[in-house]
Amino acid sequence: MVEALPPARRGRRSPSARVHAETPRSYADPFAEDDDGANCIRCGYLVEPAREKRGLLTCAGCG
Ligand SMILES: [Zn+2]
């Protein structure tokens, strides 16, 4: 009989509950015509439009 739950896999930490709720999407789709968002050159996630207008290529998290 096979064990259903290997002992090493029993993590008691729940997945991160605090995520960025302000960001509607995590990254921009370069292939979507209606998506003119830019992605962070460091982490690859979406750069906030306000930052992008300032000529920044990094998201708020990367500075
Ligand atoms: Zn970033």
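**As for the overall build of the protein**
Next up, step 1: Check the secondary structure of the protein and you find one helix and zero strands.
Next up, step 2: The 63 residues of the protein split such that 6% are buried.
Next up, step 3: Residue pairs at least 24 apart in sequence account for 0% of intrachain contacts in the protein once pairs closer than 6 positions are excluded.

**Remarks on the environment of Leu46**
Next up, step 1: Secondary-structure assignment places Leu46 in the segment before helix H1 (49-53).
Next up, step 2: Residue Leu46 is classed as buried on the basis of its C-beta count, with 22 C-beta atoms lying within 10 Å.
Next up, step 3: Leu46 sits 13 residues away from Cys59 along the chain, and the two C-alpha atoms are 6.6 Å apart.

Conventions we followed
- Residues numbered from 1 in each chain as written.
- Predicted model: local features only at pLDDT ≥ 70, side-chain atom pairs only at ≥ 80, totals over all residues.
- Helix = DSSP H or I, 4+ residues; strand = E, 2+ residues; numbered from the N terminus.
- Buried ≥ 20, exposed ≤ 12 C-beta atoms within 10 Å, placed from the backbone.
- Contact = placed C-beta atoms within 7 Å.

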